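Take a look at the letters that make up each chain.
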Amino acid sequence: NDELLLEFNRESLLEVCGMENPVLVFVYGTLRRFQSNSHLLDDAVLVASQCWTRGQLFDSSYGYPYMVQSDGGRVYGELYQIDSSQLKKDRKSVV
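K.L.:
Even after reading the chapter, I still don't get the sheet that holds strand β2 (residues 45-54), so can you show me in this structure?
P.N.:
Strand pairing within a sheet occurs via backbone hydrogen bonds; the two strands may be parallel or antiparallel. Strand order in the open sheet made by the three strands is β1-β5-β2, with antiparallel pairing throughout. In this open sheet, the two edge strands, each paired with only one partner strand, are β1 (22-27) and β2. Between one strand and the next, the sheet's axes are offset by a mean angle of 30°, whatever the strand orientation. Where β2 lies against strand β5 (residues 74-83), seven bridges are found, and the strand directions are antiparallel. Within β5, the position partnered with threonine 53 by the bridge is valine 75.

K.L.:
Would you explain the packing of aromatic side chains in this entry?
P.N.:
The relation between two aromatic rings is expressed through the spacing of the ring centres and the mutual angle of the planes. For the structure shown, the criterion picks out two aromatic pairs. Relative to tyrosine 64, the ring of tyrosine 62 lies with its centre 6.5 Å away and its plane at 25°, an arrangement referred to as stacked. The side chain of arginine 74 reaches across the aromatic face of tryptophan 52, ending 3.8 Å from its centre.

Conventions used here
Residues numbered from 1 in each chain as written. Predicted model: local features only at pLDDT ≥ 70, side-chain atom pairs only at ≥ 80, totals over all residues. Heavy atoms only, no water. Pairing = 2+ DSSP bridges. Helix = DSSP H or I, 4+ residues; strand = E, 2+ residues; numbered from the N terminus. Axes fitted to C-alpha atoms, helices over the stretch in contact; angles between N-to-C directions. Phe/Tyr/Trp six-rings, centres within 6.5 Å; stacked < 30°, edge-to-face > 60°. Lys NZ or Arg CZ within 6 Å of the ring centre and 35° of its normal.

Put into structure tokens, the structure is as follows:
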């Protein structure tokens, strides 16, 4: 079985990184390390540099892809841990 189950709880994330409201975020494309928008995750903690989730990528016709969860494929990316306040900030920066 090539699936890895990562299980975290709020207390363990707070203890490890000192974040008050830790959130796990899966990223792909330009948000990955060394890509054009990776600076948006400078304050994030990299949990897994090579991971995947079930889904498919589609062309948005706005110059970037979007992902839809699906059993029909895999999307490869990275898993980060960020504070929920950082997530709100990053959403505004990307959109």
